[in-house]
Amino acid sequence: MRVTELVSRTETALRCEVCQWRCILQANEYGRCMVRKREGDAIIPLSDGLISAATIGPIEDYGFRHFFPEAMVFAVGGWGSPFPAHHDHMHHAQLPDDPAKRRALDAERVVKFAQERLARGIIWSYNDPVITHESLLETMRLARAGSRITGIVTGGFWSKAALDQLGPYLDGINLILHGFSTSSYYKLTGIEEWRGILAGAERAVKHWNCHLEITTPIATGINDSNTEIEAIAGWIKGTFGPHIPWRIIPAQDSDTNATLGVRQHAQTLGLHFIYGSEASETTRCPGCGWAVVERHTGQTRVVGITDAHCDNCNAEVYLRTSLFKKRNASKVHD
Ligand code: SF4
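Treat the numbers as computed from the prediction; the structure is a model and nothing was measured. (Residues numbered from 1 in each chain as written. Predicted model: local features only at pLDDT ≥ 70, side-chain atom pairs only at ≥ 80, totals over all residues.)

**Student:** Just checking my understanding: could you explain the overall build of the protein for this structure?
**Tutor:** For the protein, the helix and strand inventory stands at 7 helices and 20 strands. For the protein, whose C-alpha radius of gyration is 20 Å, the value lies close to the compact-globule estimate of 20 Å for 334 residues. Here the protein holds 334 residues, and 44% of them are scored as buried. Within the protein, counting contacts between residues at least 6 apart in sequence, those at least 24 apart form 66% of the total. (Helix = DSSP H or I, 4+ residues; strand = E, 2+ residues; numbered from the N terminus. Rg over C-alpha atoms; globule rule 2.2 N^0.38 Å. Buried ≥ 20, exposed ≤ 12 C-beta atoms within 10 Å, placed from the backbone. Contact = placed C-beta atoms within 7 Å.)

**Student:** Teacher, can you tell me more about unusual backbone geometry here?
**Tutor:** Trans peptide bonds make up the majority, and among non-glycine residues the majority have a negative phi. The phi torsion at Ser-147 lies on the positive side, around 60°, for a residue other than glycine. Summarising the element assignment, Ser-147 is placed in the loop between α2 (133-145) and β11 (149-154). Residue class for Ser-147 comes out exposed when judged on the 10 C-beta atoms lying within 10 Å of it. The phi angle at Asp-307 is positive, at roughly 50°, despite the residue not being glycine. The topology assignment puts Asp-307 in the loop between β19 (305-306) and β20 (309-310). Taking the C-beta count within 10 Å as the criterion, Asp-307 has 8 such neighbours and is therefore assigned exposed.

**Student:** Could you clarify how one ought to interpret the domain arrangement of the protein in this entry?
**Tutor:** Interfaces are often sized by the amount of accessible area the parts lose when they come together. Here the protein is described as being made up of domain 1 (7-45) and domain 2 (50-310). Each of domain 1 and domain 2 was reduced to a C-alpha centroid, and the two centroids are 27 Å apart. On the domain 2 side, the residues contacting the 11 residues of domain 1 number 20 residues. (Domains from an automatic or database assignment.)

**Student:** Help me out: how do you make sense of the sheet that holds strand β1 (residues 7-9) in this one?
**Tutor:** Backbone hydrogen bonds hold the strands of a sheet together, and the pairing may be parallel or antiparallel. Read across the open sheet, the 3 strands follow the order β1-β2-β3; overall the sheet is antiparallel. Lying at the two open borders of the sheet, with one neighbouring strand each, are β1 and β3 (24-25). The pairing of strand β2 (residues 14-16) with β3 spans 2 bridges and is classified as antiparallel. Directly across from Arg-15, in β3, lies its bridge partner Ile-24. (Pairing = 2+ DSSP bridges.)

**Student:** Which parts of the structure should I look at to understand the packing of helix α1 (residues 107-116) against α2?
**Tutor:** Helix-helix packing is described using two parameters, namely the angle between the two axes and the distance between the axes. Direction vectors running N to C along α1 and α2 enclose 40°, while the axes themselves pass 9 Å from each other. In terms of orientation, α1 and α2 fall into the oblique class. Regarding α1 and α2, the two cross each other, and that crossing is right-handed. On the side of α1, the interface is formed by Ala-107, Glu-108, Val-110 and Val-111, while α2 contributes Ser-135, Glu-138, Thr-139, Leu-142 and Ala-143. Class assignment of the residues belonging to the contact of α1 with α2 gives a composition of 5 nonpolar, 2 polar and 2 charged. (Axes fitted to C-alpha atoms, helices over the stretch in contact; angles between N-to-C directions. Parallel < 35°, antiparallel > 145°, perpendicular 65-115°, else oblique. Left-handed = near helix turned anticlockwise from the far one by under 90°. Nonpolar A, V, L, I, M, F, W, Y, C, P; charged D, E, K, R; others polar.)

**Student:** Can you help me understand the sheet that holds strand β8 (residues 72-77) in this one?
**Tutor:** In spatial order, the strands read β7-β8-β10-β11-β12-β13-β14-β15; together these 8 strands make up an open sheet with mixed pairing. Looking at the sheet topology across the chains shown, the edges are occupied by β7 (53-58) and β15 (274-275).

**Student:** What is the right way to read the environment of Phe-74 from this model?
**Tutor:** Positionally, Phe-74 belongs in strand β8. Classification of Phe-74 by C-beta neighbours within 10 Å gives buried; the count is 23. For the pair Phe-74 and Ala-119, spaced 45 residues apart in sequence, the C-alpha to C-alpha distance is 5.9 Å. Beyond its immediate sequence surroundings of up to four residues, Phe-74 is in contact with Ile-56, Phe-113, Ala-114, Arg-117, Ala-119 and Ile-122.

**Student:** Looking at this structure, how should I read the confidence of the model for the protein?
**Tutor:** Detail in the predicted coordinates should be disregarded across regions flagged by low pLDDT. For the protein, the average pLDDT comes to 93, and 97% of its residues sit at 70 or higher. Confidence drops under pLDDT 50 across residues 327-334; counting only partners more than four residues distant or on other chains, this segment forms 8 contacts. (pLDDT = per-residue confidence, 0-100.)

**Student:** How should I be thinking about the packing of helix α6 (residues 226-239) against helix α7 (residues 256-266) in this particular structure?
**Tutor:** For the pair α6 and α7, interaxial distance at closest approach is 10 Å and the crossing angle is 45°. Here α6 lies oblique to α7, going by the angle between them. α7 is crossed by α6, and the crossing has right-handed handedness. Contacts between α6 and α7 involve Asn-226, Ile-229 and Ala-233 from the first element and Val-262, His-265 and Ala-266 from the second. In the contact of α6 with α7, the residues fall into 4 nonpolar, 2 polar and no charged.

**Student:** Please clarify how the site of the ligand should be interpreted in this entry.
**Tutor:** Around the ligand, the neighbouring residues are Cys-16, Val-18, Cys-19, Trp-21, Arg-22, Cys-23, Gly-31, Arg-32, Cys-33, Arg-36, Pro-82 and Ile-131. When grouped by side-chain class, the residues that make up the shell around the ligand number 8 nonpolar, 1 polar and 3 charged. (Near = placed C-beta within 6 Å.)

**Student:** Teacher, can you tell me more about helix α5 (residues 195-206) here?
**Tutor:** Each α-helix winds once per 3.6 residues, and so residues spaced three or four apart point in a common direction. For α5, built from 12 residues, the straight-helix expectation of 16 Å at 1.5 Å per residue is met to within 8% by its first-to-last C-alpha distance of 17 Å. Every buried residue of α5 is accounted for by Ile-197, Gly-200, Ala-201, Arg-203, Ala-204 and Val-205. Looking at the packing, one finds that the buried side of α5 touches α3 (160-166), β12 (172-176) and β13 (211-218). (Expected span 1.5 Å × (residues − 1).)

What follows is the structure in structure tokens.
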């Protein structure tokens, strides 16, 4: 059985260093994620190697718009989430009690399956993959060794140590950003210390040169004020530039029309790429409006772009299409 390696010790307890909770666990205690437990002198990842879902499909299904458009990927998910507010109502956030639903799929088989089915890459999604760090890291290493692209859909609550282990093998991140205030984060996720998520995203881009896209599920009356939306746009623009794609979608049970209003407001805030949840959105060159990626009912075609530059006006379009990470443009301090 595998044990959690990202652990530090206090005099009487063990501290898990996988996510930003940094839980201190006494004998037989569970972490806040409910999928790690102290047993004896170790912390056991209870959902290690278990999958909740696995499917082949277009990369767009996982929220990416500028990361290998047209690619078919193998998407896998495990069990567990670092966000307590998700445990009761989100699929895959808690390990099922029924042992029959606890299916195992080891790293080699995940990568082999992706290769056999000619999937361009592997995307970790469904639960929050950060919480299944050990199997995520092992599979990601093998995937990169097997020339597959790697991407993750996550709330970004990983510790710096966990991110730094994944960084060399991680190509793309779809960061689910739940808001830009303590009140929104607390209501939507159950955490209060949310700013570490921003620092992690910045490190992933500037230190590890990961491709970043952001998705915000809008929960009516919680994270939809103009002030909050403007704060997110300001952070994206100020930290990374206006080229980072931002997807604004309705949260579960939220009003689709209200989300449309939020999206329209976001479009006035100086970012180049604002998307929603429609499968048919076109990506347009920010310089001249030329269609560079067309999407029609599940079919995606890159039509007006060469070497990440618009065929019409030669403006650079933020599109990741190469397996090789570009040289880092800037750094953040360690
Ligand atoms: S993964 Fe996070 S929530 Fe789970 S035990 Fe470790 S620090 Fe706590």
